[in-house]
Amino acid sequence: MTGIALSRAGMNVTILEKVGAKPRSGAVLQVDSGEIDRTKTAKVLRELASGGIRSAEAWTSIQYRLRTEAEADPKIDLRYDTRVQTVNQDNDSAWGVTDKDETFHGDILIGADGHRSIVRRYVAPHKPNATFAGYLIWVAIVDENDIPKEHRPSLDAPKFSMPDGIGDFLLGSIIAGENGSHALGARRLGWAWYDNTQNDLLRRLGCVERNVVRHSLNALDIPEQTLVELAEKASVRWPQPWLDATLHSIKTRNLIGTPVSEYVPDTLVKGRIAIVGDAAHLPTPLTASGFNASLQDAATLAEYVVKGIQGAAAAKALSKYESRRLKDVRQIVQAGQSFSRSFGR
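Presented here is an overview of the structure given in this document. (Residues numbered from 1 in each chain as written. Predicted model: local features only at pLDDT ≥ 70, side-chain atom pairs only at ≥ 80, totals over all residues. Heavy atoms only, no water.)

1. Comments concerning the overall build of the protein chain
Phase 1 of the analysis: What the protein chain contains, in helices and strands, is 9 helices and 17 strands.
Phase 2 of the analysis: Here the C-alpha atoms of the protein chain give a radius of gyration of 21 Å, agreeing with the 20 Å that 2.2 N^0.38 yields for 345 residues.
Phase 3 of the analysis: The principal-axis extent of the C-alpha atoms belonging to the protein chain is close to 65 × 45 × 35 Å.
Phase 4 of the analysis: Within the protein chain, the fraction of its 345 residues that count as buried is 49%. (Helix = DSSP H or I, 4+ residues; strand = E, 2+ residues; numbered from the N terminus. Rg over C-alpha atoms; globule rule 2.2 N^0.38 Å. Buried < 20%, exposed > 50% of the residue type's maximum accessible area, 1.4 Å probe, protein only.)

Written as structure tokens, this is what we have:
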């Protein structure tokens, strides 16, 4: 989104993407209606990301639409398998150095590199890491045809559900199939189960070290006994169709355990280098605000750089971006921290 926004602001953009071109798995994101979008760029980004759908969407669908737009944009040079290891700047430019000793220069450098951001370490060396919130989320997406026909939701069923649990809870969403269809039998069920009982496991497997999340718990690494216990819990806690959806995911090991991190920023900018998205602010997914906050970062950044970023103008433009966004994004993260303190700690 940031690359597209900067291109629309007249910039030539190089996107350094650490992963390959092959689509990756993901969970479900809340793409809201966009009624708060102030600028044309924000509205365009929302339309591109959502495909005009006002509901939750599979991350893979959102990423595919944005990637297709970026790949077709002549102002964007999208480079896959390019892992940035260090960033720096001087009076004339900013640059990133990759693990292949390639150096990429620009008038500005934007870190949109997620919760373990390399760029954040440079921008905020006093506060480089997001912190573990004390719980994980089991996430998965299941094809509707993988659960018994009698338990599949009707066409008029609510798109979102939050069944009552016992000390924990689950969010369920009915989303379009991979082909975009919402027809009965062609849809998918996305679920996210908040679980605060796996912290010892996360530390034992190296997913969390001290108070820093290192990586997710991938399906193949989940102990068999943990899966058995999850299935037992699900069987007494979740109604249909979410029971069948969770049991199918557990049986087929089609789930990921994602330890939740949080990050309240003190700063978003250092000279001609800035951070956006999860690199800049990381709320608990319960707030359903991460995607929207990232979109607003991208649109706001474009709003200020469009006036020019040559020489000293670069730092001034990024400073205005920080002034506009910092207070809002701090409040977004803090809004979810009361839940994390009670549920995670």
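On we go.
2. Let's talk about the sheet that holds strand S16 (residues 269-270)
Phase 1 of the analysis: Strand order in this open sheet of 3 strands is S8-S17-S16, and the pairing throughout is mixed. Taken across any chain shown, the strands that pair with only one partner, and hence form the sheet edges, are strand S8 (109-111) and S16. (Pairing = 2+ DSSP bridges.)

3. Brief notes about the pairing of strand S15 (residues 256-262)
In summary, the side chains of a regular strand alternate between the two faces of the sheet.
Phase 1 of the analysis: Here S15 lies mainly inside the structure; 5 of its 7 residues are buried.
Phase 2 of the analysis: Here strand S9 (residues 131-143) pairs with S15 via 6 bridges, running antiparallel. Residue pairing for S15: Thr 131 is matched across the bridge by Glu 262.

4. Describing the sheet that holds strand S6 (residues 94-98)
What holds strands together in a sheet is hydrogen bonding between their backbones, with the strands either parallel or antiparallel.
Phase 1 of the analysis: The 3 strands lie next to each other as S5-S6-S7, forming an open sheet whose pairing is antiparallel. Every interior strand has two partners, whereas the edge strands, strand S5 (84-89) and strand S7 (103-106), have only one. Taken over all neighbouring pairs, the strand axes of this sheet differ in orientation by 20° on average, direction set aside.
Phase 2 of the analysis: One ladder, built from 4 bridges, connects S6 with S7; its direction is antiparallel. (Axes fitted to C-alpha atoms, helices over the stretch in contact; angles between N-to-C directions.)

5. With respect to a positive patch on the surface
Phase 1 of the analysis: On the surface, Lys 18, Arg 24, Arg 83, Arg 116 and Arg 121 cluster together into a patch of positive charge.
Phase 2 of the analysis: Along the polypeptide, Arg 121 turns up in helix H4 (residues 118-123).
Phase 3 of the analysis: Under the relative-accessibility criterion, Arg 121 is labelled partly exposed at 40%. (Patch = residues over 30% accessible without salt bridge, like charges linked within 9 Å, V, L, I, M, F, W, Y side chains within 5 Å. Areas by Shrake-Rupley, 256 points an atom, 1.4 Å probe, with all protein chains shown as cover. Salt bridge = Lys/Arg side-chain N within 4 Å of Asp/Glu carboxyl O. Lys, Arg positive; Asp, Glu negative; His and termini not counted. Charge placed at Lys NZ, Arg CZ, Asp CG, Glu CD.)

6. Topic: helix H8 (residues 290-305)
Phase 1 of the analysis: With 16 residues, H8 ought to run about 22 Å at 1.5 Å a step, and its terminal C-alpha atoms sit 23 Å apart, in line with that.
Phase 2 of the analysis: Across the 16 residues of H8, 14 count as buried, placing the element largely inside the fold. (Expected span 1.5 Å × (residues − 1).)

7. Here we look at the packing of H8 against helix H9 (residues 313-343)
Phase 1 of the analysis: For the pair H8 and H9, interaxial distance at closest approach is 8 Å and the crossing angle is 160°. In terms of orientation, H8 and H9 fall into the roughly antiparallel class. Between H8 and H9 lies a crossing whose hand is right-handed. Where H8 approaches H9, its residues Ala 293, Gln 296, Asp 297, Thr 300, Leu 301, Glu 303, Tyr 304 and Val 305 are matched on the opposing element by Ala 317, Leu 318, Lys 320, Tyr 321, Arg 324, Arg 325, Val 329 and Ile 332.
Phase 2 of the analysis: Partitioned by chemical class, the residues of the contact of H8 with H9 number 9 nonpolar, 2 polar and 5 charged. (Parallel < 35°, antiparallel > 145°, perpendicular 65-115°, else oblique. Left-handed = near helix turned anticlockwise from the far one by under 90°. Contact = heavy atoms within 4.5 Å. Nonpolar A, V, L, I, M, F, W, Y, C, P; charged D, E, K, R; others polar.)

8. Quick notes on the environment of Ile 275
Phase 1 of the analysis: By secondary structure assignment, the location of Ile 275 is in strand S17 (residues 273-275).
Phase 2 of the analysis: For Ile 275, a relative accessible area of 0% gives the class buried.
Phase 3 of the analysis: Taking the C-alpha atoms as reference points, Ile 275 and His 115, 160 residues apart in sequence, are found 11 Å from one another.
Phase 4 of the analysis: With sequence-adjacent residues up to four places away left out, Ile 275 is seen in contact with Gly 111, Ser 117, Val 119, Arg 120, Val 123, Thr 267, Leu 268, Ala 280 and Tyr 321.

9. Quick word on unusual backbone geometry
Phase 1 of the analysis: Going from Gln 240 to Pro 241, the amide bond is cis rather than trans, its omega being 5°.
Phase 2 of the analysis: As for its placement among the helices and strands, Pro 241 is situated in the loop between helix H6 (224-237) and helix H7 (242-252).
Phase 3 of the analysis: A positive phi angle, close to 65°, is found at Asp 101, a residue other than glycine.
Phase 4 of the analysis: Tracing the chain through its elements places Asp 101 in the loop between S6 and S7.
Phase 5 of the analysis: Taking relative accessible area as the criterion, Asp 101 reaches 67% and is therefore assigned exposed.
Phase 6 of the analysis: Of note in the backbone geometry, Arg 210 takes a positive phi value of approximately 55° without being a glycine.

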